[in-house]
Amino acid sequence: MTVRRLFSVLPAALLVASSIVVGIARPAQAAEVSSHQLPSLSTAPIAGITRTRDLLSSPRATPAPYAQPELSSPSPAPSTQVQHLLQYGGGVNGVPGVLTSTPKVYLVFWGSQWGTPGTDGAGYTTFSGDPSGEAVVLQKFFAGLGTTKQSLAWASIAEQYCEGISPGATSCPTSAVFAQAASPTGVLAGVWADELSAAPSSASVTQLTQEAATADQHFHNGTLVGNSPSDIYIIASPPGTQPDGFPTAGFCAWHSDATWSTSTSLEDVPFINFPYITDAGSSCGQDAVNGSSGQNDGITIVASHEFAETVTDPMAGSGWEDSLGNELADKCQWMSSGPGEMENIGLSTGTFPVQGLWSNAANSGAGECVNATSVTNGPGLTSTVLTTTSTAPADGSSITLTSTTTNYSLPVTTGTAEFSFTHNGVTYLLCASTALSSSGSATCSSAALPVGSSTVSAAYTSVNGLSPSTSSPVTIEVKASSTPSPTPTPSPTPTPSPTPTPSPTPTPSPTPTPSPTPTPSPT
């Protein structure tokens, strides 16, 4: 079988600088060190582990700009090939075409060459044989991926892709099951120092695949588990080793999968062959973003590339690739300018360079490489200071709010926004389920806000089938009118009523005539 080498070396001419964003460190899970021999695959209930078929070898035979670049010359600028949209491969025998649950990244530091494990002040696992500190860089990157709006924006590029649709489709309806590429709590699920023995000096594909399956057993209590909608195993080789011929074989890393058949299904374990990246120097991204201070730039540039591709194509060719066999990161690798250029993103765990990714939805549906900055770090809400002539809070003014989201690749084909405001600690709904335009805008008309300070925000749902997002809040001050009330017109002096004419003295009634005495009846 050919080997999937999806990330080629970086031409030295593509070293650029970028600004730095400072993050806050977060404790991480300490590594588990091997203390016992895991069950051999040969005795496991499911045997026959093999490496999956692969569509691309290294160097690739595809035309420029995706052929392997020469180290002495810059990578050719993207041309018409980038216009090939990614297509859904249809999945294979129950293996997911994308990872549909929050990713769980398991870091496996393979081999006794890593040296003695320890823990730094933030709780991350360190190794005495790790001169570049790659282990801590990887832990921090995956522990922080998704903890900031900027990293969620980067992940949202991959989250436009889905499964449960027809093979060959280039877009996803809202009813599809979408990829998940980040979590507000990070995606690092476990760290294992597999140091029972030394890693091979030049591990073969079979050996790398075996280690991935062994890691799957380790993290599942000795049981080999396949077809997880979330698990990714990163097999990190120690410094000085050359897994699959790195770094002279023309790649920086590749992702693949261990597969085996049962009586009823095909099982799959996605993994990444992750050599000791800094051993390759500038050929694999050293100083590519942060100049002379970016000695470790390549670690997370390469990690971001392979992670995004594993999320959207966990089993080679069954997920999202274009007609030339390129995945979403292949199409944008080593870009040093434009909307898909490599850049720093800030996480809660620090600042890390990543590469841009291909978005089918960008460029009005024609597709384009984009990064976190071009996607931006969240939708924006715009409004103005308002004045009302009412002093009663319940009578607030009627206004129009417009919110435009740039958190998603355009055009927007589906999606709604819900406007709300908070006043005196209580949240009220202004406009519900307002449809977004193709440019990502929504309008809330005749919205009533009370006098005083209110915080307004817009929550977006089902935008092109991607994860929900909420705008940054905007404070709006509704002021009582300072215009004095007009002087009231005095009422006219009332005309006095005329003196009433006295009623005439009534004429006394005449004295009644007495009735005659009745004559008695005869006896």
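Remember, it's a predicted structure, so these values are computed and weren't measured experimentally.

> Could you give an account of the nonpolar core, naming the residues involved and the relevant values?
Phe109, Phe142, Trp154, Phe274, Phe307 and Trp320 are the most contacted members of the largest nonpolar core, which has 92 residues in total. Ranked by residues supplied to this core, first place goes to helix H4 (residues 297-312) with seven residues. Setting aside anything within four residues of it in sequence, one finds Phe274 in contact with Glu134, Leu138, Ile234, Ile235, Ala236, Ser237, Ala253, Ile299, Val302 and Ala303. Formed by 16 residues, the second largest nonpolar core is a distinct cluster that contains Ala417, Leu430, Tyr460 and Val463.

> How would you summarise the state of the cysteines if you had to cite specific residues and measurements?
Here the structure, examined in full by the defined rule, presents four disulfides. Residue Cys162 pairs covalently with Cys172 via a disulfide, S to S 2.1 Å. Handedness here is read from the sign of the S-S torsion; for Cys162 and Cys172, about -95°, the answer is left-handed. Within this pair, whereas Cys162 is found in strand S8 (residues 162-163), its partner Cys172 is found in the loop between S8 and strand S9 (177-178), the two being separated by 10 residues in sequence. The burial state of Cys162 is the same as that of Cys172; both residues are buried.

> Mind laying out the pairing of strand S5 (residues 104-110), listing which residues take part and the relevant values?
Counting buried positions along S5 gives six out of seven residues, so the element sits mostly inside the fold. Here S5 pairs with strand S11 (residues 231-236) via six bridges, running parallel. Counterpart to Val108 in the pairing with S11 is Ile235. Pairing analysis gives six bridges linking S5 to strand S10 (residues 188-194), with the strands arranged parallel. For Phe109, the partnering residue across the bridge sits in S10 and is Ala193.

> Describe the packing of aromatic side chains, naming the residues involved and giving the relevant values.
Per the counting criterion, the structure on display carries 15 aromatic pairs. Relative to Phe352, the ring of Phe141 lies with its centre 5.9 Å away and its plane at 70°, an arrangement referred to as edge-to-face. Of this pair, Phe141 sits in helix H1 (residues 134-144) while Phe352 sits in strand S16 (residues 350-354), and the two are 211 residues apart along the sequence. A relative accessible area of 0% means that Phe141 is categorised as buried. The exposure class assigned to Phe352 is buried, which follows from its relative accessible area of 7%. An angle of 85° between the planes, with centres 6.3 Å apart, marks the rings of Trp192 and Phe219 as edge-to-face.

About the thresholds
- Along each chain, residues carry numbers from 1 onward, in the same order as the chain's sequence is written.
- Two thresholds apply to this predicted model, a pLDDT of at least 70 for residue-level local features and 80 or more for giving and counting side-chain atom pairs, whereas whole-chain, interface and lining totals are computed over all residues.
- Derived side-chain values reflect all non-hydrogen atoms in the structure, with water molecules and hydrogen atoms excluded from consideration.
- Throughout this description, the term nonpolar core refers to a set of buried Ala, Val, Leu, Ile, Met, Phe, Trp, Tyr and Cys residues connected via side-chain atoms within 4.5 Å.
- Classification of residues uses two cut-offs on accessible area relative to the type maximum, computed with a 1.4 Å probe and protein chains only: under 20% is buried, over 50% is exposed, and between them is partly exposed.
- For the purposes of this entry, the term helix denotes a DSSP run of H or I that reaches at least four residues, the term strand denotes a run of E that reaches at least two, and both are numbered from the N terminus.
- Whether two residues are in contact is decided by their heavy atoms, any of which lying within 4.5 Å being enough.
- We call a pair of cysteine sulfur atoms a disulfide whenever their separation is within 2.5 Å.
- Only strands that DSSP links by at least two bridges are regarded as paired with each other.
- Here a Phe, Tyr or Trp ring, Trp counted by its six-membered ring, pairs with any other such ring whose centre lies within 6.5 Å, and the pair is stacked when the planes are under 30 degrees apart, edge-to-face when over 60, and tilted otherwise.

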